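Fold and geometry: a report
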Amino acid sequence: MKQKILTLQTLYREGQIQLKDSGIEEYQLDAWYLLEYVTGISKASYYGDPNRELSAAQAEEYRKCIEKRSERIPLQHITGVQEFMGHEFFVNEHVLIPRQDTEILVEHALDKVEDGKKVLDMCTGSGCILLSILKRYQVQGTGADISSEALQVAERNRKHLALPQVEWLQSDLFEKIEEKYDVIVSNPPYIQTGVIESLQEEVRLHDPYIALDGKEDGLYFYRRIIEDAKAYLEDGGWLLFEIGYDQGAAVSELMRAAGYRDVECVKDFAGLDRVVSGTLYSSDIEKMNRINEDKIRKD
């Protein structure tokens with residue numbers, strides 16, 4: 001019996017059909033990315049010779065990748081990489097997959113950073129935020145995360161990008177932080193606990209739960225970071241957050257109530273609230289402390 005010829009076009013079509021039948025929304029795109037991942041072929045090469053034969057080994061590897069994607073394993077966990085700010089980052093099950101939305105946070109932070117400044121990335125995960133800043137500026141960088149596995153991923157990405165040494169700290173928020181910083185950036189967990197079960201399988205089953213869970217109202221980590229950051233910001237330093245699309249007003253108010261100035265909410269390309277930032281001065285902290293002390297005495 002004549003063996004079926006395995007061509008690029010045949011496998012690509014096969015992959016699309018399987019992913020579509022599995023309910024993968026972007027089945028065409030994902031089938032292509034996996035073909036590109038397995039074969040190393042470019043689109044120009046594909047369209048130039050779609051009937052190029054593949055080896056049985058390549059066909060088997062592609063089918064295994066398609067099967068994994070059909071099971072809702074994220075594309076990035078299959079290929080092991082995600083592009084962010086024009087750079088390739090290694091990712092796995094221990095870190096949140098970098099999203100395009102987070103690039104808004106990086107771009108806004110770049111406006112606050114200069115060479116020689118000290119930058120802390122709280123809840124650093126893959127390190128994509130801090131390392132993207134280091135690609136632009138020569139800063140003293142520190143990345144903190146409660147997960148040691150996440151920090152291993154971040155260090156792997158630093159080496160891959162050939163960037164200067166970074167201080168990686170395994171820390172429950174500011175627990176192990178000792179220095180002061182000119183800029184603190186953070187993409188903390190901000191999904192309400194009760195909402196997590198309604199998220200896509202790729203997110204709720206494969207992103208680290210601790211990177212998603214923002215507790216009951218999604219604002220738990222914002223409250224803690226906003227308050228604790230006061231002791232770790234240089235005078236006139238900046239605190240910048242990524243936020244959920246419906247958290248702009250709440251996080252902005254938390255920052256203003258804590259004494260931060262020039263609080264600003266920045267929208268993403270879809271017109272949704274995405275970043276909140278503010279600056280802090282020691283004089284404002286002293287004023288807030290006096291107000292609180294007076295309030296306590298009156299009570």
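A brief report on the enclosed structure follows.

Criteria and thresholds
Residues numbered from 1 in each chain as written. Predicted model: local features only at pLDDT ≥ 70, side-chain atom pairs only at ≥ 80, totals over all residues. Heavy atoms only, no water. Helix = DSSP H or I, 4+ residues; strand = E, 2+ residues; numbered from the N terminus. Polar contact = N/O pair within 3.5 Å; in protein donor to acceptor, adjacent residues only side chain to side chain. Phe/Tyr/Trp six-rings, centres within 6.5 Å; stacked < 30°, edge-to-face > 60°. Buried < 20%, exposed > 50% of the residue type's maximum accessible area, 1.4 Å probe, protein only. Lys NZ or Arg CZ within 6 Å of the ring centre and 35° of its normal. Right-handed = clockwise from strand over helix to strand, strands pointing away. Pairing = 2+ DSSP bridges. Expected span 1.5 Å × (residues − 1). Contact = heavy atoms within 4.5 Å. Core = buried A, V, L, I, M, F, W, Y, C linked by side-chain atoms within 4.5 Å.

Let's shift gears to the environment of S198. Tracing the sequence through the fold places S198 in the loop between β6 (181-186) and α9 (201-204). A distance of 2.6 Å separates a polar side-chain atom of S198 from the backbone oxygen of V195.

Next up on the list: the packing of aromatic side chains. Considering all chains together, one arrives at 8 aromatic pairs under this definition. Aromatic side chains Y46 and Y47 sit 5.2 Å apart centroid to centroid with 80° between the ring planes, which places their arrangement in the edge-to-face category. Residue classification places Y47 among the exposed positions, given a relative accessible area of 62%. Each ring, one from Y220 and one from F221, has its centre 4.9 Å from the other, and the planes form 90°; the classification is edge-to-face. Here the aromatic cluster, defined as three or more aromatic residues joined through ring pairs, consists of Y12, W32, Y46 and Y47. Against the face of W238 rests K112, its NZ or CZ located 3.9 Å from the ring centre.

Our next topic: the pairing of strand β3 (residues 118-122). Among the 5 residues that make up β3, 5 are buried, leaving the element largely enclosed by the rest of the structure. Since β3 and strand β4 (residues 140-145) lie parallel, the crossover through helix α7 (residues 128-136) that links them has a hand, and here it is right-handed. As defined by bridge partners, β3 adjoins β6 across 4 bridges and the pair is classed as parallel. Within β6, the position partnered with L120 by the bridge is I184.

With that settled, the discussion passes to helix α8 (residues 148-160). Taking 1.5 Å of rise per residue, the 13 residues of α8 would be expected to cover 18 Å, and the 19 Å separating its terminal C-alpha atoms lies within 8% of that figure. Check the buried side of α8 and you find it contacts β2 (87-90), α7, β4 and β5 (167-170). Just downstream of α8, A162 is the residue with a positive phi angle, here 55°.

Take the pairing of β6 next. Here β6 lies mainly inside the structure; 5 of its 6 residues are buried. Relative to strand β7 (residues 233-242), β6 is paired through 5 bridges, and the arrangement is parallel. In the strand pairing of β7, V183 is matched with W238.

When glycine is set aside, most residues are seen to have a negative phi, and most peptide bonds are trans. The phi torsion at R72 lies on the positive side, around 75°, for a residue other than glycine. Counting through the fold element by element, R72 comes out in the loop between α4 (56-70) and α5 (75-79). The phi dihedral of C123 falls on the positive side, at around 65°, and the residue is not glycine. For C123, the location among the structural elements is in the loop between β3 and α7.

Our next topic: the side chain of Q16. Residue placement: Q16 occurs in helix α1 (residues 8-21). Taking the relative accessible area as the measure of exposure, Q16 reaches 14% and is therefore buried. Dropping the residues within four chain positions of it, Q16 is found in contact with Y27, Q28 and A31.

The subject of this paragraph is the nonpolar core. With 32 residues, the main nonpolar core has F174, I177, I184, I226, L239, F241 and Y260 as its most contacted residues. If you list the elements that add at least two residues to this core, you get β3, β6, α10 (220-228), β7, α11 (248-257) and β9 (273-280). Broken down by element, the residue count for this core peaks at 4 residues, all from α10. In this structure L239 touches I184, I225, I226, A229, L233, M255, Y260, V276, S277 and G278, once residues within four positions along its chain are discounted. Formed by 29 residues, the second largest nonpolar core is a distinct cluster that contains M85, L131, I133 and V166.

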